[in-house]
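# What the coordinates show
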Amino acid sequence: QQPVQSPQAVILREGEDAVINCSSSKALYSVHWYRQKHGEAPVFLMILLKGGEQKGHDKISASFNEKKQQSSLYLTASQLSYSGTYFCGIGSSNTGKLIFGQGTTLQVKP
Amino acid sequence: DSGVTQTPKHLITATGQRVTLRCSPRSGDLSVYWYQQSLDQGLQFLIQYYNGEERAKGNILERFSAQQFPDLHSELNLSSLELGDSALYFCASSVGTRGNEQFFGPGTRLTVL
């Protein structure tokens, strides 16, 4: 039931782009994206509700494909501050329960 | 700063003991969630309360219990502690019951010796 994230880890140079995928075996109602730095709390990035929409702010955007039951997070022109572990959480249609993927570790180097 | 507060920040205790973790949600949020994060299990949903009522339950052990009080703060009680309970425990809050942004508190790091 846990969504599968890929890749597990990625290393970038500043200014490069990255894509993180989140695939679910269940029908998607909502997908929540978070970034967590070591020892800190997960920080909310964005939420996508079913409808195949794409959202974004600044250089981070995400897509939601209900048919494929997957979401992708796009990081463009990465900055050092983007380093951390990214989690997708699959939301329930009737509660706030989130089931998180195993995380993708992103490291941005100068 | 998410606006969610958790106390204590760190807790060190022995096996078999009981502890209480406390969470105050963001102003205006009615839902409180508890998550456990350990190295081998990742971020695991434990339980959700909405306006004082239990709304959803995850794989929460019987030794664990939670409640949400009329002022909306929540407590997570962990009893008969085992070494494997050592983890980061996060509280999160949101406005509604589902489909809303969840804002995480700084967490309580529990170490069971």
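The structure under discussion appears in the preceding block.
Notes on the structure in this doc start here. Only a predicted model underlies this, so the values are computations on that prediction, with no experimental measurement involved.

Calculation rules
- Residues numbered from 1 in each chain as written.
- Chains lettered and ligands numbered in written order.
- Predicted model: local features only at pLDDT ≥ 70, side-chain atom pairs only at ≥ 80, totals over all residues.
- Heavy atoms only, no water.
- Helix = DSSP H or I, 4+ residues; strand = E, 2+ residues; numbered from the N terminus.
- Buried < 20%, exposed > 50% of the residue type's maximum accessible area, 1.4 Å probe, protein only.
- Disulfide = S-S within 2.5 Å.

### Some thoughts on unusual backbone geometry
With glycine set apart, most residues show a phi of negative sign, and most peptide bonds adopt trans. With an omega of -5°, the peptide bond between A:Ser6 and A:Pro7 qualifies as cis. Structurally, A:Pro7 is set in the loop between β1 (4-6) and β2 (9-13). Residues B:Thr7 and B:Pro8 are joined by a peptide bond in cis, for which omega reads -10°. Assignment of secondary structure puts B:Pro8 in the loop between β1 (5-7) and β2 (10-13). Not every positive phi belongs to a glycine, and B:Asn51 is a case in point at roughly 50°. Relative to the helices and strands, B:Asn51 resides in the loop between β5 (42-50) and β6 (53-57). Positive phi values are uncommon outside glycine, yet B:Ser80 reaches one of about 45°. Its place among the elements puts B:Ser80 in the loop between β8 (74-78) and β9 (87-94). For B:Ser80, a relative accessible area of 41% puts it in the partly exposed group.

### Quick notes on the state of the cysteines
Residues and elements named next belong to chain A. By the definition in use, this model includes 2 disulfides over all chains. The partner cysteine of Cys-22 in its disulfide is Cys-88, sulfur to sulfur 2.0 Å. In this structure the cystine formed by Cys-22 and Cys-88 twists about its S-S bond by roughly 75°; its chirality is therefore right-handed. Residue Cys-22 is located in strand β3 (residues 18-23), and its partner Cys-88 is located in strand β9 (residues 84-91); the two are separated by 66 residues in the primary sequence. A single burial state applies to Cys-22 and to Cys-88, both of which are buried.

Spatial relationships are all this shows, so hold off on functional conclusions.
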